[in-house]
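If you want the building blocks of each chain, they are given just below.
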Amino acid sequence: MAPRLQLEKAAWRWAETVRPEEVSQEHIETAYRIWLEPCIRGVCRRNCKGNPNCLVGIGEHIWLGEIDENSFHNIDDPNCERRKKNSFVGLTNLGATCYVNTFLQVWFLNLELRQALYLCPSTCSDYMMGDGIQEEKDYEPQTICEHLQYLFALLQNSNRRYIDPSGFVKALGLDTGQQQDAQEFSKLFMSLLEDTLSKQKNPDVRNIVQQQFCGEYAYVTVCSQCGRESKLLSKFYELELNIQGHKQLTDCISEFLKEERLEGDNRYFCENCQSKQNATRKIRLLSLPCTLNLQLMRFVFDRQTGHKKKLNTYIGFSELLDMEPYVEHKGGSYVYELSAVLIHRGVSAYSGHYIAHVKDPQSGEWYKFNDEDIEKMEGKKLQLGIEEDLAEPSKSQTRKPKCGKGTHCSRNAYMLVYRLQTQEKPNTSVQVPAFLQELVDRDNSKFEEWCVEMAEMRKQSVDKGKAKHEEVKELYQRLPAGAEPYEFVSLEWLQKWLDESTPTKPIDNHACLCSHDKLHPDKISIMKRISEYAADVFYSRYGGGPRLTVKALCKECVVERCRVLRLKNQLNEDYKTVTNLLKTTIKGSDGFWVGKSSLRSWRQLALEQLDEQDGDADQSNGKMNGNTLNKDESKEERKEEEEELNFNEDILCPHGELCISENDRRLVSPEAWSKLQQYFPKAPEFPSHKECCSQCKILEREGEENEALHKMIANEQKTSLPNLFQDKSRPCLSNWPEDTDVLYIVSQFFVEEWRKFVRKPTRCSPVSSVGNSALLCPHGGLMFTFASMTKEDSKLIALIWPSEWQMIQKLFVVDHVIKITRTEVEDANPSETQYISEPKLCPECREGLLCQQQRDLREYTQATIYVHKVVDNKKVMKDSAPELNVSSSETEEDKEEAKPDGEKDPDFNQIMHAFSVAPFDQNLSIDGKVLTDDSATLGTLGVIPESVILLKADEPIADYAAMDDVMQVCMPEEGFKGTGLLGH
């Protein structure tokens with residue numbers, strides 16, 4: 001048995017021999033376990049919840065041990081935010097802006113670009129006043145160049161470990177929560193920067209983008225017939241290299257420049273030959289920039305899924321790249337040195353993290369830029385190994401190839417930056433202009449003030465913590481009550497008092513009270529007995545209550561628990577006694593009525609009641625009379641409890657009196673009833689002389705009379721309308737009977753309800769009227785045509801013979817007479833039969849009814865739609881062809897909302913998986929109508945349940961190079977739409 005259960009049993013062992021009326025103060029204190037010895041620190045390792053005297057393990061260890069000043073505050077050392085010596089400054093990741101941060105660091109370490117931006121004129125002069133900067137006004141850059149100037153100045157001379165680029169990101173209009181295509185960002189920003197700088201007068205500033213990043217190549221086409229050469233010159237700022245099927249960077253460059261043959265449908269129109277001729281086409285590099293950006297096309301479009309994917313292919317590249325074999329004009333110096341590697345960590349094109357490895361052009365040392373964190377590589381060497389390991393998605397990945405000295409391999413590098421080696425290395429650092437340096441100095445001053453403020457806050461917290469440490473340490477020693485006066489306090493409050501991370505709140509003991517507003521005996525496991533001195537200190541400093549002194553021990557609860565425990569021990573014996581008493585015959589009129597169901601289950605009811613009372617003495621059992629439900633119970637549990645009958649309530653009538661049915665109850669002796677009352681003191685009591693409910697007797701007599709009346713009415717109506725009841729010999733409009741020219745119409749609903757009553761007259765109410773108004777419009781016109789009543793509307797009406805109609809008018813109240821008359825048109829040759837309805841058809845309401853039916857047909861929550869693929873104008877059925885469970889009235893905007901069971905979104909990706917047709921290659925149609933509106937609902941498109949949608953697939957383009965051109969023209973990148981990057 002668990003120690004806590006052993007304590008529970010020991011605390012109440014006296015109740016086995018003590019009667020409830022004999023309970024003393026000593027018994028009460030025993031029930032509250034005041035007799036338990038206090039635990040000794042060092043011997044007891046954790047708190048004993050069953051022992052109110054145990055004050056060990058409640059959080060005191062942090063106050064009694066050695067003082068740790070860091071535990072008195074949650075303020076980090078401000079010096080941790082200070083820039084380390086001879087290190088670079090990081091950039092804050094604003095959510096998903098790591099791709100921006102990597103390029104900013106690469107561009108910052110391009111000294112020529114940084115110097116040119118510093119020379120760019122600024123509007124900061126409007127911000128200046130006299131010899132300095134306005135102290136009360138924050139500097140707000142107005143242009144992209146000014147944002148870059150200020151960012152670069154902070155990156156160069158800030159005292160902070162990292163700075164916030166939110167001003168720059170906001171100026172571009174970028175969404176900080178959405179990760180974008182890093183390569184696309186680089187292209188668009190360089191284009192924006194070039195366009196912005198093109199307006200500058202200083203040529204060193206105006207031409208810096210072209211000087212650093214711009215090269216030139218030519219598309220050269222040579223006619224195979226006449227040999228005529230055609231050139232199309234083009235500038236480039238980066239080379240986009242395909243990496244599929246390649247292992248080395250040089251192979252990717254060679255493929256980029258390889259010759260392509262133009263034959264067949266791709267033949268070239270030669271101006272010299274004036275006809276289409278076979279030709280060759282290739283790219284020739286005419287000039288290369290100082291900074292050569294090589295984009296590795298890792299993110300490609302997958303036509304099968306319709307989404308981008310990442311190619312995790314290892315590509316080898318060297319630290320020195322000789323481009324002379326690839327340029328048209330030989331003889332120059334074309335040796336490039338690796339200066340930056342941009343990395344995408346992750347296996348998906350839509351997630352992951354961007355970092356940059358950049359070489360310091362002044363020291364030649366490599367640094368890893370990871371947002372706020374900057375790490376210097378050892379030995380002036382580029383180290384990519386850890387980045388490759390972190391991106392490992394599974395053990396089945398291709399093993400990393402071995403790399404020789406001066407070469408590297410990466411499957412996460414998406415951009416390589418090379419610098420022309422022949423360029424002179426700068427001997428001095430780029431100087432920050434005075435106005436920018438003044439802004440940086442002001443920011444550094446703010447940072448230093450913040451550091452001083454944080455240090456002071458840390459010191460105050462430490463001083464306050466030390467004072468509380470001494471206070472708590474002293475007061476904890478006075479907590480044990482011993483033999484002196486004591487009080488009870490919540491264990492939870494004591495733990496929070498000892499928790500240095502949370503402020504101490506007033507004492508709240510209400511959760512531990514019983515129904516008598518005293519300390520509940522069962523709550524003693526979550527209470528602690530402390531000295532009166534400690535309690536006085538607590539309440540004087542923190543307030544709260546109620547205070548639980550020795551007078552708060554609840555005698556009523558202890559006495560009730562004593563009674564319950566004695567009854568539990570006595571239950572088996574009493575069950576045998578009651579069973580024997582039930583076998584005796586009741587003489588005279590001294591017995592009591594008890595429900596048979598209650599007698600069968602009284603032992604189980606009593607046991608459950610006692611168990612619940614034993615667990616919570618101030619709560620009445622849901623199975624006993626006068627139940628009081630727990631506030632924490634759910635509504636469903638309350639409803640079930642209320643529906644369950646308590647003891648002897650099974651013989652209560654709806655009026656709360658003795659039921660009239662003697663089959664559900666029996667008489668028991670006074671001795672048996674006395675025993676039962678000990679367990680169910682609030683059960684309803686019915687002596688044998690108690691009369692049954694008078695209201696139930698009256699209702700019983702009235703019910704018997706009504707049943708007899710209903711049987712008589714049903715028998716009369718069944719006899720009067722036998723064919724209508726048996727559904728025999730019914731007339732039909734499509735095959736009009738010859739022996740009559742008139743038929744009457746009633747609602748089919750009336751006929752069905754009437755038949756139910758005739759079959760079971762004692763269970764159903766009589767039908768007293770014929771409601772034909774449901775078949776008429778508000779204008780009193782008929783809603784159905786003769787043709788519709790022979791087909792789809794025939795289920796709504798019932799045809800009545802004239803003889804039956806006469807009987808119906810006698811038996812029921814008819815609100816409207818509806819009849820169909822057959823007549824012969826005399827002037828017609830040959831003779832023509834005409835059917836006339838009374839009242840006549842209402843055309844307007846009939847049209848409205850048909851429109852409503854069509855709308856109802858197109859509004860459904862779940863239906864099956866079939867998809868057939870068409871190949872060469874023939875339908876193709878596949879085993880995997882989808883049957884879409886779709887909703888008709890759901891737009892694309894609603895799809896992400898939660899739907900109740902039974903409502904499912906249309907998953908047209910099933911079409912892609914079943915027929916291997918990507919969404920953009922799908923041409924869908926129904927009944928000759930092409931479905932092109934993606935925002936429309938199925939209902940508005942005329943797609944009703946069981947419809948068949950035809951799918952015709954566009955064939956994929958075989959020439960993937962041509963496919964890329966098509967994708968660039970027809971499907972432009974929309975990731976940066978609406979941002980400042982496209983504003984120029």
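- Naming follows an unreviewed UniProt entry, where the protein appears as Ubiquitin carboxyl-terminal hydrolase 48 of Pipistrellus kuhlii.
- Turning to the protein, the UniProt annotation filed under Subunit (unreviewed entry) states: "Interacts with TRAF2 and RELA. Interacts with GPS1."
- Recorded in UniProt under Catalytic activity (unreviewed entry), the annotation for the protein is "Thiol-dependent hydrolysis of ester, thioester, amide, peptide and isopeptide bonds formed by the C-terminal Gly of ubiquitin (a 76-residue protein attached to proteins as an intracellular targeting signal)."

1. Comments concerning the overall build of the protein
Consideration 1: Across its full length, the protein carries 27 helices and 40 strands.
Consideration 2: Buried positions account for 42% of the 984 residues belonging to the protein.
Consideration 3: Contacts in the protein between residues at least 24 apart in sequence constitute 72% of all its contacts with a sequence separation of at least 6.
Consideration 4: Carbon together with sulfur atoms contributes 48% to the accessible area of the protein, which is approximately 54100 Å² in total.

2. Observations regarding the sheet that holds strand β5 (residues 215-223)
Consideration 1: Read across the open sheet, the four strands follow the order β6-β5-β11-β8; overall the sheet is antiparallel. Looking at which strands have only one partner, the edges of the open sheet turn out to be β6 (229-236) and β8 (260-262). Across the sheet, the axes of successive neighbouring strands diverge by a mean angle of 30°, strand direction being ignored.
Consideration 2: Looking at chain direction, β5 and strand β11 (residues 279-287) are connected through eight bridges and run antiparallel. Considered in β11, the bridge of Thr221 is made with Arg281.

3. Quick notes on the sheet that holds strand β29 (residues 742-747)
Consideration 1: Taken together, four strands build an open sheet; the order of strands is β31-β29-β33-β34 and the sheet is antiparallel. With one partner strand each, in any of the chains shown, β31 (797-800) and β34 (832-838) form the two edges of the open sheet. Going across the sheet, the axis of each strand differs from the next one's by a mean of 30°, ignoring polarity.
Consideration 2: Here strand β33 (residues 819-825) pairs with β34 via seven bridges, running antiparallel.

4. A short note on the packing of aromatic side chains
Consideration 1: Under the defined criterion, the tally for this structure stands at 31 aromatic pairs.
Consideration 2: Where Tyr99 meets Phe185, the ring centres are 5.5 Å apart and the plane angle is 90°; that geometry is what we call edge-to-face. Of this pair, Tyr99 sits in helix α4 (residues 98-108) while Phe185 sits in helix α8 (residues 182-197), placing them 86 residues apart in sequence. The same class applies to Tyr99 and to Phe185, which are both buried.
Consideration 3: Taken together, a centroid distance of 6.2 Å and an interplanar angle of 90° make the contact between Phe725 and Trp754 edge-to-face.

5. Quick notes on the packing of helix α20 (residues 694-720) against helix α22 (residues 748-759)
Consideration 1: Two numbers describe how α20 lies on α22: the axes approach to 8 Å, and their chain directions differ by 120°. Compared by their axis directions, α20 and α22 come out oblique. In this structure, α20 meets α22 at a crossing whose hand is left-handed. Across the interface between the two elements, His710, Ile713, Ala714, Gln717 and Lys718 of α20 pack against Trp754, Phe757 and Val758 of α22.
Consideration 2: In terms of residue class, the contact of α20 with α22 is built from five nonpolar, two polar and one charged.

6. As for unusual backbone geometry
Consideration 1: Between Gly545 and Pro546 the backbone carries a cis peptide bond, its omega angle lying at -5°.
Consideration 2: Positionally, Pro546 belongs in the loop between β26 (544-545) and α16 (555-583).
Consideration 3: Here the bond from Glu838 into Pro839 is cis, since omega is 0°, no more than 30 degrees from zero.
Consideration 4: Mapping Pro839 onto the fold places it in the loop between β34 and α25 (843-858).
Consideration 5: With phi around 50°, Ser729 is a residue other than glycine that occupies positive phi space.
Consideration 6: For Ser729, the location among the structural elements is in the loop between α21 (722-726) and β29.
Consideration 7: Look at Ser729 and you get exposed, because its relative accessible area is 54%.

7. Some details on α16
Consideration 1: Taking 1.5 Å of rise per residue, 29 residues should cover 42 Å, and α16 covers 40 Å from first to last C-alpha, within 8% of that figure.
Consideration 2: Where α16 is concerned, the buried positions are Cys557, Val558, Arg561, Cys562, Val564, Leu565, Leu567, Leu571, Asp574, Val578 and Leu582.

8. Considering α20
Consideration 1: Look at α20: 39 Å from first C-alpha to last across 27 residues, which is about the 39 Å you get at 1.5 Å a residue.
Consideration 2: Among all positions of α20, only Cys696, His710, Ala714 and Gln717 are buried.
Consideration 3: Packed against the buried residues of α20 are α22 and α24 (802-811).

9. Observations concerning the confidence of the model for the protein
Consideration 1: When the pLDDT values of the protein are averaged, the result is 80; 81% of them are 70 or greater.
Consideration 2: Mean pLDDT values over the elements of the protein span from 33, in helix α27 (residues 960-970), up to 94, in strand β1 (residues 90-91).
Consideration 3: Note that residues 877-882 has pLDDT below 50 and, in this model, 14 contacts with residues that lie over four places away or in other chains.
Consideration 4: Low pLDDT, under 50, characterises residues 956-973; the predicted model gives this stretch 10 contacts beyond four residues in sequence or across chains.

10. Considerations on the pairing of strand β38 (residues 922-926)
The two faces of a sheet get side chains in turn, since along a regular strand they alternate between them.
Consideration 1: Among the five residues in β38, four count as buried, and that is most of the element.
Consideration 2: Taken together, the four bridges between β38 and strand β40 (residues 948-953) define a ladder with antiparallel strand orientation. Bridging from a neighbouring strand, Asn923 pairs with Lys952 of β40.
Consideration 3: In terms of strand pairing, β38 meets strand β39 (residues 929-931) through three bridges, oriented antiparallel. Along β39, the bridge assignment pairs Leu924 with Leu931.
Consideration 4: Where β38 folds back onto β39 in an antiparallel hairpin, the turn is made up of two residues, including Asp927, whose phi is positive at roughly 55°.

11. Some words on a negative patch on the surface
Consideration 1: Negative charge collects at one region of the surface, where Glu700, Glu702, Glu704, Glu705 and Glu707 lie side by side.
Consideration 2: Here Glu704 is to be found in helix α20.

12. Structural notes on the pattern of salt bridges
Consideration 1: Overall, the coordinates contain 24 salt bridges when judged by the stated rule.
Consideration 2: A salt bridge links Asp195 to Lys199, with the shortest nitrogen-to-oxygen separation between them at 3.7 Å.
Consideration 3: The class of Lys199 is exposed, set by a relative accessible area of 61%.
Consideration 4: Between Arg547 and Asp536 there is a salt bridge whose closest N-O contact spans 2.6 Å. Of this pair, Arg547 sits in the loop between β26 and α16 while Asp536 sits in helix α15 (residues 532-542), and the two are 11 residues apart along the sequence.

13. Describing the side chain of Gln212
Consideration 1: When you line up the elements, Gln212 lands in helix α10 (residues 208-213).
Consideration 2: Take Gln212: its relative accessible area is 3%, and that puts it in the buried class.
Consideration 3: Side-chain polar atoms of Gln212 contact the side chain of Arg419, separated by 2.8 Å.

Conventions used here
- Residues numbered from 1 in each chain as written.
- Predicted model: local features only at pLDDT ≥ 70, side-chain atom pairs only at ≥ 80, totals over all residues.
- Heavy atoms only, no water.
- UniProt positions renumbered as here; feature names shortened; annotations may be inferred.
- Helix = DSSP H or I, 4+ residues; strand = E, 2+ residues; numbered from the N terminus.
- Buried < 20%, exposed > 50% of the residue type's maximum accessible area, 1.4 Å probe, protein only.
- Contact = heavy atoms within 4.5 Å.
- Areas by Shrake-Rupley, 256 points an atom, 1.4 Å probe, with all protein chains shown as cover.
- Pairing = 2+ DSSP bridges.
- Axes fitted to C-alpha atoms, helices over the stretch in contact; angles between N-to-C directions.
- Phe/Tyr/Trp six-rings, centres within 6.5 Å; stacked < 30°, edge-to-face > 60°.
- Parallel < 35°, antiparallel > 145°, perpendicular 65-115°, else oblique.
- Left-handed = near helix turned anticlockwise from the far one by under 90°.
- Nonpolar A, V, L, I, M, F, W, Y, C, P; charged D, E, K, R; others polar.
- Expected span 1.5 Å × (residues − 1).
- pLDDT = per-residue confidence, 0-100.
- Patch = residues over 30% accessible without salt bridge, like charges linked within 9 Å, V, L, I, M, F, W, Y side chains within 5 Å.
- Salt bridge = Lys/Arg side-chain N within 4 Å of Asp/Glu carboxyl O.
- Lys, Arg positive; Asp, Glu negative; His and termini not counted.
- Charge placed at Lys NZ, Arg CZ, Asp CG, Glu CD.
- Polar contact = N/O pair within 3.5 Å; in protein donor to acceptor, adjacent residues only side chain to side chain.

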